[in-house]
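One letter stands for each residue in the lines below.
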Amino acid sequence: MLSIKNLSVSFGGLRALDSIELAMATGETLGLVGPNGSGKTTLINVLTGLYRARGEISFEGRSLLGLAPERIVRLGIIRTFQNLRVFTRMNVLQNVLSAQNSLAAVGLRDLILTGGRRERARRDQAMALIEAVGLADQSGRLAGDLPLAQQRRLELARALVRDPKLLLLDEPSGGMMPSETAEMADLIGRLALPGRSVILVEHKMAMIAALCPRMVVLNFGKVIAQGAPAEVLRAPAVIEAYLGRDDDVA
Amino acid sequence: MLDVYLIGVLSNIGMISFIALSAYLVLLVGEISFGQQAFFGIAAYASGIASAMWGWPFFLALIWGAALAGLGGLLLAIPTLRIRGLYFAVASLAFAEMVRLILEIFVYQIEVDGELVGPNGSEGFRDIRYIYEADISNLQFMIFIYLLLAATLAVILLIERSRLGGILRMVGEDPVLARLQGIDVRACKIATVALAGLVAGIGGVLYAHLNTYIEPKIFNVMLGVHGLAYGLIGGLGTAFGPLLGVLLDIGVLESTRVFSGYRMIVFGGLVAVLLIFRPRGLLDEVAVHRLGQAFRRARRALH
């Protein structure tokens, strides 16, 4: 469903992504790892239309390069953010409802009128997801007042309410404590993965190993390894990228 | 009976409220306009020309003036909202000054009942006498102003309650996140600036017809700055915020004369203090949220 060919991004003289080749099948969960600055978030920014790039990205047969972010979203690609992005001045429910506003099924009528059967169904759907991520009793709170772990779960609910075909999770457990991380991994496994293509960016290898049958490792903007987590994590190039070479230490 | 002074003050509060609501709409989508006075002025002139020179009925002149102001908003927004940040603020000020300077040299007069009527450059535009010829009293016109204001406020409040209002607040708080939720941020801002132009225009039409005389210098930057400050003082969490701002400035500072000659100093100081301690005004989103919660709790307690 997603095919990336010879994709490169440069910032001035820096090559943030260098001739990336990547393919994903429908329904696959792909882990994306790499040291800080290796290009993971850059790749997500390109996929969502925030950065310009050279090369080819084809999603269900359509080219994504050059499309505006809002157009890409409407094709069914949704992301979350490494550095958390919620509407802090809205409450939890309003945040989740906000993601429905540009759905093709939401017409001008639905934008203006507050009642109606379809509108109630959409609200129920939003509330059901808020419950599913464990924020039911927080639905009326301002999103900016929530602790980090709950804001991350809010982001997950907001992403899922559009039922995206491709979900890009950018460090969904970033800044979380181990128990919170385990809860998040469980939520992703139950709510996000079934019947959906997902790219999961993470630093926590246990989470990748538990959720992703296949992973890709980036370093300095290049794909340095891919395959099943158990094998990839033993590959010398990956160990070197994370820990350095023996002679670096000496 | 209300005395003439009070009717004058109340009418003024009503008319200025339109420009405050107009500036508020622009603030809602995260842009700052120093130029809403241009739309006030465009509509004042256009409606005056229609009613005093072309003999149009007042309601047609009102629609025409407001529509032209909305069109002016569209003209300003389309080329300037490509880029974010201060760009729009500067462009809006430049646009408003351009409109004012054009009005300074705009001469278009025709003979009506043996007298020359029409805009005469910096001499201004006299004898927009429609409401006096129709024998409408100042009190009646004041009531009309408030009916129109209530209708406008109702429309804005309905927008705020709907998904459309949610979209405006998305765009205002985080335009990048809004785009990544599928919102066409630019189209949204353009439509809002056009609507804001129309709202300011309604105020301009009322102003021209109540005062019967307008001149370009009325629509200078101070009018726009006040309009902007009302939202920043009163709060950006609800459309009642800018109205509270107008009430505080004209209703208290100007009319009671407590601060007499120091009004502008107090007003400016108020804006500065609020920008530091409550950057989104007295009735900001958090205050509105808390008030809403308290209201719901009180209602539950009563049942």
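**Q** Can you walk me through the overall build of chain B in this structure?
**A** Helix and strand counts for chain B stand at 13 helices and two strands. Taken over the C-alpha trace, chain B has a radius of gyration of 20 Å; the compact-globule value for 303 residues is 19 Å, and the two agree within 12%. For chain B, the C-alpha atoms occupy an extent of roughly 65 × 50 × 40 Å along the three principal directions. A total of 303 residues make up chain B; the buried ones form 47% of that total. Taking as baseline every contact in chain B between residues at least 6 positions apart, the subset at least 24 positions apart corresponds to 76%.

**Q** Honestly, the overall build of chain A in this entry has me stumped. Any pointers?
**A** Counting its secondary structure elements, chain A contains eleven helices and ten strands. A compact globule built from 250 residues would reach a C-alpha radius of gyration of about 18 Å, and chain A, at 19 Å, matches this within 12%. Overall size of chain A, expressed as C-alpha extent along the three principal axes, is 65 × 40 × 35 Å. The buried share among the 250 residues of chain A stands at 42%. Sequence-distant contacts in chain A: of pairs separated by 6 or more residues, those separated by 24 or more amount to 65%.

**Q** Sorry, what's going on with the packing of helix α10 (residues 221-234) of chain B against helix α12 (residues 263-277) of chain B here?
**A** Working note: a packed helix pair is described by the angle between its axes plus the distance between those axes. Residues and elements named next belong to chain B. Two numbers describe how α10 lies on α12: the axes approach to 9 Å, and their chain directions differ by 45 degrees. Classified by the interaxial angle, the pair formed by α10 and α12 is oblique. Both α10 and α12 take part in a crossing whose hand is left-handed. Note on element contacts: α12 touches α10 through L270, V271, L274 and L275, opposite A229, L232 and I233. Of the residues contributing to the contact of α10 with α12, the split by class is seven nonpolar, no polar and no charged.

**Q** In this structure, what is going on with the sheet that holds strand β2 (residues 14-24) of chain A? I would like to understand it.
**A** The strands making up a sheet associate through hydrogen bonds between their backbones, and the pairing can be parallel or antiparallel. All names here are of chain A. If you trace the four strands from one edge of the open sheet to the other, you get β2-β1-β4-β5, paired in antiparallel fashion. Every other strand in the sheet has two partners, leaving β2 and β5 (62-63) as the edge strands with one partner each. Relative to β2, strand β1 (residues 2-11) is paired through seven bridges, and the arrangement is antiparallel. Across the sheet, residue L7 finds its bridge partner in β2, namely I20. Its contacts with the sheet place helix α1 (residues 40-47) against β1, β2 and β4 (54-59), and it is angled at close to 70 degrees to β2.

**Q** Quick question: what am I supposed to make of unusual backbone geometry here?
**A** With the exception of glycine, most residues fall at negative phi, and the peptide bonds are largely trans. At A:S19, a residue that is not glycine, the phi angle is positive and equals roughly 50 degrees. Tracing the backbone through its elements, the reader meets A:S19 in strand β2. Even without a glycine there, the phi angle at B:D113 is positive, about 50 degrees. Turning to its location among the elements, B:D113 is positioned in the loop between β1 (110-112) and β2 (115-117).

**Q** What's the story with the interface of chain B and chain A in this structure? I'm lost.
**A** Interface size is commonly expressed as the accessible area that is lost once the parts come together. Between chain B and chain A, the residue contacts involve 20 residues of the former and 23 residues of the latter. Listing elements by their share of the side of chain B that touches chain A, those giving two or more residues are α7 (163-173), α8 (175-179) and α13 (285-302) of chain B. Among the elements that make up the side of chain B that touches chain A, the one with the highest residue count is α7(B) (seven residues). Residues that form the side of chain B that touches chain A fall into these classes: seven nonpolar, five polar and eight charged.

**Q** What is the right way to look at the nonpolar core in this model?
**A** Side chains of nonpolar character tend, in soluble globular proteins, to be buried together. One finds A:V96, A:A157 and B:A43 to be the most contacted residues of the largest nonpolar core, which totals 158 residues. Ranked by residue count, the leading element in this core is helix α9 (residues 185-211) of chain B, at 15 residues. With residues near it in sequence (within four places) discarded, B:A43 still touches B:G65, B:A66, B:L68, B:A69, B:G201, B:G204 and B:V205.

**Q** Which parts of the structure should I look at to understand the sheet that holds strand β8 (residues 197-201) of chain A?
**A** All names here are of chain A. Here six strands make up an open sheet; going across it, the order is β6-β7-β8-β3-β9-β10 and the pairing mixed. Of all strands in the sheet, those bounded by a partner on one side alone are β6 (77-79) and β10 (222-227). Averaged over neighbouring strand pairs, the angle between their axes works out to 20 degrees when direction is ignored. Judged from the five bridges that link them, strand β9 (residues 214-219) and β10 form a sheet pairing that is antiparallel. Across the sheet, V217 pairs through a bridge with A225, a residue of β10.

**Q** When you look at the packing of helix α2 (residues 36-53) of chain B against α10(B) in this model, what are you seeing that I'm missing?
**A** Residues and elements named next belong to chain B. Relative orientation of the contacting elements α2 and α10 amounts to 120 degrees, with a least axis distance of 7 Å. In terms of axis orientation, α2 runs oblique to α10. Classified by chirality, the crossing of α10 by α2 is right-handed. Here α2 contributes Q36, Q37 and F40 to the contact with α10, which in turn contributes V221, L223, G224 and G227. Partitioned by chemical class, the residues of the contact of α2 with α10 number three nonpolar, four polar and no charged.

**Q** Looking at this structure, I do not really get the environment of A:G61. What am I missing?
**A** With respect to the helices and strands, the residue A:G61 is situated in the loop between β4 and β5. Expressed as a C-alpha distance, the spacing of A:G61 and A:L2, which sit 59 residues apart in the sequence, is 8.2 Å.

**Q** Explain helix α1 (residues 4-28) of chain B to me, please; I cannot follow it from the model alone.
**A** An α-helical segment advances 3.6 residues per turn. Residues three or four places apart therefore align on the same side. Helix length check: α1(B) (25 residues) gives 36 Å between terminal C-alpha atoms against 36 Å at 1.5 Å per residue, within 8%. Downstream of α1(B) by one or two residues, B:G30 has phi in the positive range, about 85 degrees.

**Q** Any chance you could explain the environment of A:Q151 here in plain terms?
**A** Residue and element names in this part refer to chain A. Secondary-structure assignment places Q151 in helix α6 (residues 148-160). Looking at Q151, the number of C-beta atoms within 10 Å reads 21, which means it is buried. With 65 residues separating them along the chain, Q151 and V86 place their C-alpha atoms 7.3 Å apart. Among all residues touching Q151, those that are not within four sequence positions of it are L84, V86, A143 and L146.

Rules used throughout
Residues numbered from 1 in each chain as written. Chains lettered and ligands numbered in written order. Predicted model: local features only at pLDDT ≥ 70, side-chain atom pairs only at ≥ 80, totals over all residues. Helix = DSSP H or I, 4+ residues; strand = E, 2+ residues; numbered from the N terminus. Rg over C-alpha atoms; globule rule 2.2 N^0.38 Å. Buried ≥ 20, exposed ≤ 12 C-beta atoms within 10 Å, placed from the backbone. Contact = placed C-beta atoms within 7 Å. Axes fitted to C-alpha atoms, helices over the stretch in contact; angles between N-to-C directions. Parallel < 35°, antiparallel > 145°, perpendicular 65-115°, else oblique. Left-handed = near helix turned anticlockwise from the far one by under 90°. Nonpolar A, V, L, I, M, F, W, Y, C, P; charged D, E, K, R; others polar. Pairing = 2+ DSSP bridges. Core = buried A, V, L, I, M, F, W, Y, C linked by C-beta atoms within 7 Å. Expected span 1.5 Å × (residues − 1).

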